[in-house]
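# Observations on chain architecture
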Amino acid sequence: MHVLLDPLRLSLSVPQAMAILSLRRPDAIFTTGGYVALPVLLAASALRIPVVMWDGNVVPGRSVRVTARLAGCLAVTFGGTCRTLGRRRPCYVTGTPIRDPRGADRQDARAALGVPDDDGLILIFGGSQTVRRFNSAVTEALPRLVERKRVIHITGEAGYDRAAACRDALPPQLRGRYRPEKFLDEEMALALAAADMVVGRAGSSTLAEVAAFGLPMVVVPYPHAAGHQRRNAEEMVRCGAARLVEDEDFDAEALLAAAAILDRPDEQAAMAAAARSLARPGAADAVAELVVVAAERRALPDPSRIEAISRGVAG
């Protein structure tokens, strides 16, 4: 990352970026920031090309703070980020762009996944980072866990064989209650729609999808993310949508304690309602609106309009 800040490197990369932008003449640039974007954003500033930047963390990283100075408009997931980045430029809370959950149907999803209506279903996944901690907890807790709940467990490539072996070692009547998967692509939306609770990390996209589907969450922040995930998780906890477990404390007993939330209907319902209050299913539309406005050189919209679009209630 430091290489891109070297004056010699910048003296080469900025003219290259200017040449490309001069040739293509984009009406606007959308960026998620970072040092890698710096030459393009410097060139865009010189060519007066409007820039919209999005960031998904409560506490933006240093590289994002640097490149945010070159954006004409900011879109963020958390309101607190505006106080860090947006003091001198317009800043809108749009949420995190995710797959649109508004057409998902719980009963249809459960039918597609073979989950009975009256069974509690926990979705466990570790996001894009390592899932070894989660896999170990599931392996140890599995015989007790599947007696109480159904589980969809995204293991990653490295953890799948062991998880499949643990499933096969279960009594025959319990094996169907545990579904390990290396990854889920299109079926991820089905799993979220069918689930009663999520156990996962605190990446921006994960939290946004959990909120959009109105799911209680036990959140285990990835400890090597410069503190970003922990601060993201704290926002969910503060609103009552999640319970936080530190990575070093997440084990089989912690997982079983998480599952017990589904045995307390009032607590589960309160957490689900809190999650829904954070949902911004129209985040992608809100960000797109800002990019189009910038490209057309129109006046920036009122924050209330972006709020309505992001919440999915704009007329």
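Right, let's walk through the structure included here. The shown structure was predicted, so the numbers you read here are calculated from the model rather than taken from an experiment.

Conventions adopted
- Going along each chain's sequence as written, the residues are numbered from 1 onward.
- Reporting in this predicted model follows two pLDDT cut-offs: at least 70 for local features of residues, and 80 or more for side-chain atom pairs to be given and counted; totals over whole chains, interfaces and linings ignore these cut-offs and use all residues.
- Values shown for side chains rest on all heavy atoms present in the structure; no hydrogens or waters enter the calculation.
- Numbering of helices and strands runs from the N terminus, with a helix taken as a DSSP run of H or I at least four residues long and a strand as a DSSP run of E at least two residues long.
- Contacts are residue-level and defined by heavy atoms, with any inter-residue pair within 4.5 Å sufficient.
- Between buried and exposed lies partly exposed: a residue is buried under 20% and exposed over 50% of the maximum accessible area for its type, with that area taken using a 1.4 Å probe on protein chains only.
- Residues adjacent in sequence count toward polar contacts only when both atoms are side-chain atoms; beyond that, a polar contact is any pair of N or O atoms within 3.5 Å, and within protein one must be able to donate a hydrogen and the other to accept it.
- DSSP calls a pair of strands paired once it identifies at least 2 bridges connecting them.
- Axis definition: a line fit to C-alpha positions, over the contact stretch in the case of helices; interaxial angles, taken between N-to-C directions, run 0 to 180 degrees.
- When the centres of two rings from Phe, Tyr and Trp lie within 6.5 Å, Trp using its six-membered ring, the rings pair. Their planes under 30 degrees apart give stacked, over 60 give edge-to-face, and anything left gives tilted.
- Patch building starts from residues that exceed 30% relative accessible area and form no salt bridge, then joins like charges within 9 Å and nonpolar side chains (Val, Leu, Ile, Met, Phe, Trp, Tyr) within 5 Å.
- Methods summary: accessible areas were calculated by the Shrake-Rupley approach with a probe of 1.4 Å, and residue burial reflects only the protein chains presented.
- The salt bridge definition used is simple: a Lys or Arg side-chain nitrogen within 4 Å of an Asp or Glu carboxyl oxygen.
- In this tally Asp and Glu are treated as negative and Lys and Arg as positive; neither His nor the chain ends contributes.
- Just so you know, the charge point we use is NZ for Lys, CZ for Arg, CG for Asp and CD for Glu.
- It is the rotation of the near helix from the far one that decides the hand of a crossing: anticlockwise by less than a right angle makes it left-handed, clockwise makes it right-handed.
- Think of it as three bins: nonpolar holds Ala, Val, Leu, Ile, Met, Phe, Trp, Tyr, Cys and Pro, charged holds Asp, Glu, Lys and Arg, and polar takes everything else, Gly as well.

## Structural notes on the environment of Pro-90
Take Pro-90: it is sitting in the loop between helix H4 (79–85) and strand S4 (91–93). Setting aside chain neighbours within four positions, we find Pro-90 in contact with Gly-72, Cys-73, Leu-74 and Leu-300.

## Quick word on the side chain of Thr-67
Within the fold, Thr-67 resides in helix H3 (residues 62–68). When its relative accessible area of 0% is taken as the criterion, Thr-67 is described as buried. At a separation of 3.3 Å, a polar atom in the side chain of Thr-67 contacts the main-chain carbonyl oxygen of Val-64.

## Topic: the sheet that holds strand S6 (residues 150–154)
Pairing in this open sheet of 6 strands is parallel, and the strands run S7-S6-S5-S8-S9-S10 from one edge to the other. The sheet is open, and its two borders are formed by strand S7 (178–181) and strand S10 (242–244), each paired with just one other strand. Adjacent strand axes in the sheet meet at a mean angle of 15°, parallel and antiparallel pairs treated alike. Relative to S7, S6 runs parallel, the two sharing 4 bridges. Directly across from Ile-154, in S7, lies its bridge partner Glu-181.

## Some thoughts on helix H2 (residues 38–46)
One full turn of an α-helix is made of 3.6 residues, so residues set three or four places apart face in the same direction. Restricting attention to buried positions, one finds in H2 the residues Leu-38, Pro-39, Leu-41, Ala-43 and Ala-44. Phi for Arg-48, located one or two positions after H2, is positive at around 60°.

## With respect to the packing of aromatic side chains
For the structure on display, the rule yields 1 aromatic pair. Between Phe-134 and Phe-250, the aromatic rings sit 5.1 Å apart at their centres with planes inclined by 50°, giving tilted as the arrangement. With Phe-134 in helix H6 (residues 132–148) and Phe-250 in the loop between S10 and helix H12 (252–259), the pair connects residues that are 116 residues apart, well separated along the chain. Like Phe-134, the residue Phe-250 is buried in the burial classification.

## What about a negative patch on the surface?
Judged by side-chain charge, Glu-140, Glu-248, Asp-249 and Asp-251 come together as a negatively charged surface patch. Mapping Glu-248 onto the fold places it in the loop between S10 and H12. On the basis of relative accessible area, Glu-248 is assigned to the exposed category, the value being 54%.

## Examining the sheet that holds strand S2 (residues 51–55)
The strands making up a sheet associate through hydrogen bonds between their backbones, and the pairing can be parallel or antiparallel. Strand order in the open sheet formed by 4 strands is S1-S2-S3-S4, with parallel pairing between adjacent strands. Whereas interior strands pair on both sides, the edge strands pair on one side only; in this sheet they are strand S1 (29–31) and S4. The average angle at which neighbouring strand axes cross in this sheet is 20°, direction not considered. Alignment of S2 against strand S3 (residues 73–76), held across 4 bridges, turns out to be parallel. The residue bridging Trp-54 from the neighbouring strand is Ala-75, located in S3.

## Quick word on a positive patch on the surface
On the surface, Arg-62, Arg-65, Arg-69 and Arg-88 cluster together into a patch of positive charge. By secondary structure assignment, the location of Arg-65 is in helix H3. Using a relative accessible area of 35% as the deciding quantity, one classes Arg-65 as partly exposed.

## Some points on the packing of helix H5 (residues 106–113) against helix H9 (residues 187–194)
As a packed pair, H5 and H9 sit with axes 8 Å apart at the nearest point and diverge in direction by 115°. Like other packed secondary-structure pairs, H5 and H9 cross with a definite hand, here left-handed. For the pair H5 and H9, contact is made by Arg-106, Ala-109, Arg-110, Ala-112 and Leu-113 and by Glu-187, Leu-190, Ala-191, Ala-193 and Ala-194, respectively. Across the contact of H5 with H9, the residue classes tally to 7 nonpolar, no polar and 3 charged.

## Digging into the pattern of salt bridges
All told, the structure shown has 26 salt bridges when counted by the stated rule. Taking the shortest distance from any N to any O, the salt bridge between Asp-247 and Arg-133 comes out at 3.1 Å. Pair noted here: Asp-247 is in the loop between S10 and H12 and Arg-133 is in helix H6, with a separation of 114 residues, a long-range link. By relative accessible area, which is 8% here, Asp-247 ends up buried.

## Here's the deal with the pairing of S6
Of all 5 residues in S6, 5 are buried; the element is thus mostly enclosed. Burial along S6 is two-sided: Arg-150, Ile-152 and Ile-154 and Val-151 and His-153, pointing in opposite directions, are all buried. Two strands pair when backbone bridges link them, and strand S5 (residues 121–125) and S6 are joined in this way by 4 bridges, in the parallel orientation. Note on S6: the bridge partner recorded for Ile-124 is His-153.

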